Amino acid sequence: KRQIKWCGHAAFLITSASGTKILTDPYEPGGYDGALAYGSIPDLIDIALVSHDHPDHNFVQALKGNPRVVKGSGSHSVSGIIFKGIPTYHDTSRGSERGENVIFCFTVDEVRLCHLGDLGHPLEATAASEIGTVDVLMMPVGGFYTIDAQAATGVMNTLKPRLVIPMHFKTAKCGFPITTVDDFLVNKTGVKKLSTSEITITPATLPASTEIQVLTYAM
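Residues numbered from 1 in each chain as written. Predicted model: local features only at pLDDT ≥ 70, side-chain atom pairs only at ≥ 80, totals over all residues. Heavy atoms only, no water.

**Student:** What am I meant to see in the pattern of salt bridges here?
**Tutor:** For side chains bearing opposite charge, pairing can occur when the charged atoms are close. All told, the structure shown has seven salt bridges when counted by the stated rule. Residue Lys21 pairs with Asp43 through a salt bridge whose shortest N-O separation is 3.9 Å. Note that Lys21 is positioned in strand E3 (residues 21-24) and Asp43 in the loop between E3 and strand E4 (47-50), a separation of 22 residues in sequence. Asp135 is the partner of Arg112 in a salt bridge, and the nearest nitrogen-oxygen pair spans 3.5 Å. Taken together, the positions of Arg112 in strand E9 (residues 111-115) and Asp135 in the loop between helix H1 (125-131) and strand E10 (136-140) put the pair 23 residues apart, joining distant regions of the chain. Owing to a relative accessible area of 37%, Arg112 belongs among the partly exposed residues under this scheme. (Salt bridge = Lys/Arg side-chain N within 4 Å of Asp/Glu carboxyl O. Helix = DSSP H or I, 4+ residues; strand = E, 2+ residues; numbered from the N terminus. Buried < 20%, exposed > 50% of the residue type's maximum accessible area, 1.4 Å probe, protein only.)

**Student:** Whenever I open this one, the packing of aromatic side chains confuses me. Can you help?
**Tutor:** The tally for this structure, following the rule as stated, stands at 10 aromatic pairs. Aromatic pair Trp6 and Phe169: ring centres 5.3 Å apart, planes at 35°, arrangement tilted. With Trp6 in strand E1 (residues 3-8) and Phe169 in the loop between strand E11 (163-167) and helix H3 (182-185), this residue pair connects regions lying 163 residues apart in the sequence. The interplanar angle of 70° and the centroid separation of 5.6 Å between the aromatic rings of Tyr145 and Phe176 together place this pair among those described as edge-to-face. Highlighted residues: Tyr145 in the loop between E10 and helix H2 (149-159) and Phe176 in the loop between E11 and H3, separated in sequence by 31 residues. Tyr145 gets classed as partly exposed once you look at its relative accessible area, which sits at 24%. Classification of Phe176 as buried rests on a relative accessible area of 6%. An aromatic cluster is present here, built from Trp6, Phe12, Tyr27, Tyr38, Phe169 and Tyr217 joined pairwise through their rings. (Phe/Tyr/Trp six-rings, centres within 6.5 Å; stacked < 30°, edge-to-face > 60°.)

**Student:** Any chance you could explain the state of the cysteines here in plain terms?
**Tutor:** A covalent bond bridging the sulfur atoms of two cysteines is what the word disulfide describes. In total, this model carries zero disulfides according to the counting rule given. Here Cys7 is not cross-linked by a disulfide; its sulfur's nearest cysteine counterpart is in Cys174, at 15 Å. Residue Cys7 is classed as buried on the basis of its relative accessible area of 0%. Sulfur of Cys105: no disulfide; nearest cysteine sulfur belongs to Cys114 and is 3.8 Å away. Relative accessible area serves as the criterion here: at 10%, Cys105 is assigned to the buried category. (Disulfide = S-S within 2.5 Å.)

As structure tokens, then:
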């Protein structure tokens, strides 16, 4: 049914028209001594993407459905979908603080998706050109562990996606020392705060110019 659902944190469930279920960066429910209070993901997952090995992004062991796990840079082909992993870093000092991070780009039902994982620095030109055209950008905005509102705005302006879905920000279920989504939304146009966790996206329904849609976490 071609849906994108924000489970919480950096975890999105993407369901293709044919029913393939792709989950990005599964978190550990109740992880970090309860600071990450998002609930378990009940769906049967076919493919799990892991941007880097931290428990709020790589908790594949509890997923139902025995998914194929995709991690690391380079090209990965699973169930007819090519996942392109682009190497980046989790900090501004080339990984010396928090290690490496992989951005995943993939196309589902003719919609080009990009998940930035825990990108921790402004995008370099080489990475931006490897990413190429983006329809839907799932982007961290909370700062501290990842790019902050200002750097995220720069990434958005560089990639010019049709749709931005913010992630990895402070919510009632995330007690990390990061900001809420509101810092990122300041002075932005085309912002929609939705009371749903799920949206349906097709090439025909994509906005003509960049729009930001803030989803409500599902879990």
